[in-house]
Amino acid sequence: MTTTQMTNFESMISDRALGIDVSGIRRVFELGAKLANPINLSIGQPDFPVPDAIKNATIKAIQTNHNGYTLTQGAPQLLRSVQNRMTSDVGWDFESDDLSVMITAGTSGALLLAFLALLNPGDEAIIGDPYFVIYPAHAQIAGGTAVYCDTYPDFRMTAERIEPLITERTKLVLINSPGNPSGVVLSEQEVRDIAALCERRGVLLISDEIYDEFTYVDARENGTCPSPARFTERCLLVRGFGKTYGCTGWRLGYVAGPTPVIQQMMKLQQYSFVCAPSMAQVGLAGAFDVDMGDLVERYRRRRDSVLEAFDGVADLVKPGGAFYGFVKVPAHLGLTATQFAERAIEHSVLTIPGAVFSQSDTHVRLSYAVAEDKLVQGLTILRQLMTA
Ligand code: PMP
């Protein structure tokens, strides 16, 4: 292909696509790809296999011909199972027409459709900083604007921090607890206050609870992950199966909330994803009966070893859930997080610099969803680099 033809293709690309910046992540991956045997603490998915009961149910789903389109809203058996779960977990009643559930192509699918259904050009979505990378991208794809709620240094997105950011253009507030990249879990009082604020100011609250099961015992309240859905029905609750059951590649999530919003999201799903993967829907219909407690407890112990590793070495806010630590690069090093992450790569350890998740570049995210021997090696190297 000639240079002229290349230039032509580039000039065809939309501002929407060009406006999304992947340079930060790409740089880490490019540097990491050159390593022969990296200690990869950059991974955002569990290191345990899918439980056999779920694998077998999904294989059976294929063998019994659940391979075609499902209803756009979702396969009936999974919809029922999610509704029961929502009722027992947050007390929502799906008997009336006020609330609905839709099964989506991953949690990402639910979030994208929510942004598309809610934002007009110029509308604002308030998201916490640091944030999961796709949030600002989704706001932009939908033509809206991400407004960042600075949560440093404790990473708590509170009503007090959100309220001054609300304008007449604010359409939605998005919270993520347990959070990526910080692992911070909001308290029941905090989510209740945010729900009340959003109700008072007439904005829709979206709660991304993809890590709900990975809420460690010390951050649980009433035995579970604090959710605003327990205090309001004026919110979209987004959860997924990928992290909980180790099947991120199966692309399955769900969203529950006010019927008028879910209906519009369903229309958009019909004209985009069409439906979530059929075999995964049928295979995961019984997933809530599989007890993941021992695995979550194992992750909690890893979380404790991460806390121990940085004790007295670097600031690390205690993660109450998920499987990440967001560690502050010690000031005496005089490095940005990107520079520190590059230095760690020179020692074969992959982390993700804060600039990927934030307007600031002061922390690195490490994932402890990796084999314990690798984690110990990685923590030892990072600690040495931070004390050097
Ligand atoms: N939300 C958060 C906070 C995440 O960390 C992730 C995945 N890393 C997602 C959503 C997307 O998950 P899924 O694979 O279900 O699309």
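Being a predicted model, the structure only gives us computed values, none of them experimental.

We now examine the site of the ligand. Every residue lining the ligand is accounted for by Gly106, Thr107, Ser108, Phe132, Tyr135, Asn176, Asn180, Asp208, Ile210, Tyr211, Lys243 and Arg251. In the environment of the ligand, an oxygen atom lies 2.8 Å from a nitrogen or oxygen atom belonging to the side chain of Asn180. The separation between an oxygen atom of the ligand and a polar side-chain atom of Arg251 is 2.7 Å. Expressed as a share of its isolated accessible area of 400 Å², the protein-covered part of the ligand is 91%.

Structurally, the protein chain comprises domain 1 (3-49 + 292-386) and domain 2 (65-289). For domain 1 and domain 2, the distance between their C-alpha centres works out to 24 Å. The interface of domain 1 with domain 2 comprises 34 residues on the first partner and 34 residues on the second. Together domain 1 and domain 2 conceal approximately 2800 Å² of surface at their shared face, both sides included; 62% is due to carbon and sulfur atoms. Linking domain 1 to domain 2 there are 2 salt bridges.

Now for the pairing of strand E5 (residues 170-176). A large share of E5 lies buried, amounting to 6 of its 7 residues. Pairing analysis gives 4 bridges linking strand E3 (residues 124-129) to E5, with the strands arranged parallel. Following the sheet pairing, Glu124 is matched in E5 by Thr170. Looking at chain direction, E5 and strand E6 (residues 204-208) are connected through 5 bridges and run parallel. When the bridges of E6 are listed, Leu174 appears paired with Ile206. Taken together, E5, helix H9 (residues 188-201) and E6 constitute a β-α-β crossover, and its handedness is right-handed.

In terms of burial, helix H7 (residues 134-141) is largely enclosed, as 6 of its 8 residues are buried. What H7 keeps buried is the set Ile134, Tyr135, Pro136, Ala137, His138 and Ala139. On its buried face, H7 is in contact with helix H6 (106-118), E3, strand E4 (145-150), E5 and E6. Of the residues trailing H7, Gly143 is marked for its positive phi of about 85 degrees.

This part covers the sheet that holds E3. Reading across the sheet, the 7 strands line up as E2-E8-E7-E6-E5-E3-E4 and stay open at both edges, with mixed pairing between neighbours. One side of each edge strand has no neighbouring strand; the edge strands of this open sheet are strand E2 (99-105) and E4. Neighbour-to-neighbour, the strand axes of the sheet open up by a mean angle of 20 degrees, direction not taken into account. When E3 meets E4, the two strands line up parallel, connected through 6 bridges. Bridged to Ile126 within E4 is Val147. Contacting E2, strand E7 (235-240) and strand E8 (252-258), helix H5 (residues 76-90) crosses the sheet at an angle of about 125 degrees to E2.

Take the packing of H6 against H7 next. Two numbers describe how H6 lies on H7: the axes approach to 8 Å, and their chain directions differ by 35 degrees. In the packing of H6 onto H7, the handedness of the crossing is right-handed. Of the residues in H7, those in contact with Ser108, Leu111, Leu112, Phe115 and Leu116 of H6 are Ile134, Tyr135, His138, Ala139 and Ile141. When the residues that make up the contact of H6 with H7 are grouped by side-chain class, the tally is 8 nonpolar, 2 polar and no charged.

Another aspect to go through is the sheet that holds strand E12 (residues 363-367). Spatially, the 3 strands line up as an open sheet ordered E9-E12-E11, and their pairing is antiparallel. Of all the strands in the sheet, the pair left with one neighbour each is strand E9 (324-328) and strand E11 (352-353). Judged from the 2 bridges that link them, E11 and E12 form a sheet pairing that is antiparallel. Within E12, the position partnered with Pro353 by the bridge is Val364. Across the face of the sheet, helix H14 (residues 337-346) comes into contact with E11 and E12 while running at roughly 45 degrees to E12. Packing of helix H15 (residues 372-387) onto the sheet brings it into contact with E9 and E12, and relative to E12 it is tilted by some 165 degrees.

Definitions and cut-offs
- Residues numbered from 1 in each chain as written.
- Predicted model: local features only at pLDDT ≥ 70, side-chain atom pairs only at ≥ 80, totals over all residues.
- Heavy atoms only, no water.
- Near = heavy atom within 4 Å.
- Polar contact = N/O pair within 3.5 Å; in protein donor to acceptor, adjacent residues only side chain to side chain.
- Areas by Shrake-Rupley, 256 points an atom, 1.4 Å probe, with all protein chains shown as cover.
- Domains from an automatic or database assignment.
- Contact = heavy atoms within 4.5 Å.
- Buried area = accessible area lost by both parts, 1.4 Å probe.
- Salt bridge = Lys/Arg side-chain N within 4 Å of Asp/Glu carboxyl O.
- Buried < 20%, exposed > 50% of the residue type's maximum accessible area, 1.4 Å probe, protein only.
- Helix = DSSP H or I, 4+ residues; strand = E, 2+ residues; numbered from the N terminus.
- Pairing = 2+ DSSP bridges.
- Right-handed = clockwise from strand over helix to strand, strands pointing away.
- Axes fitted to C-alpha atoms, helices over the stretch in contact; angles between N-to-C directions.
- Left-handed = near helix turned anticlockwise from the far one by under 90°.
- Nonpolar A, V, L, I, M, F, W, Y, C, P; charged D, E, K, R; others polar.

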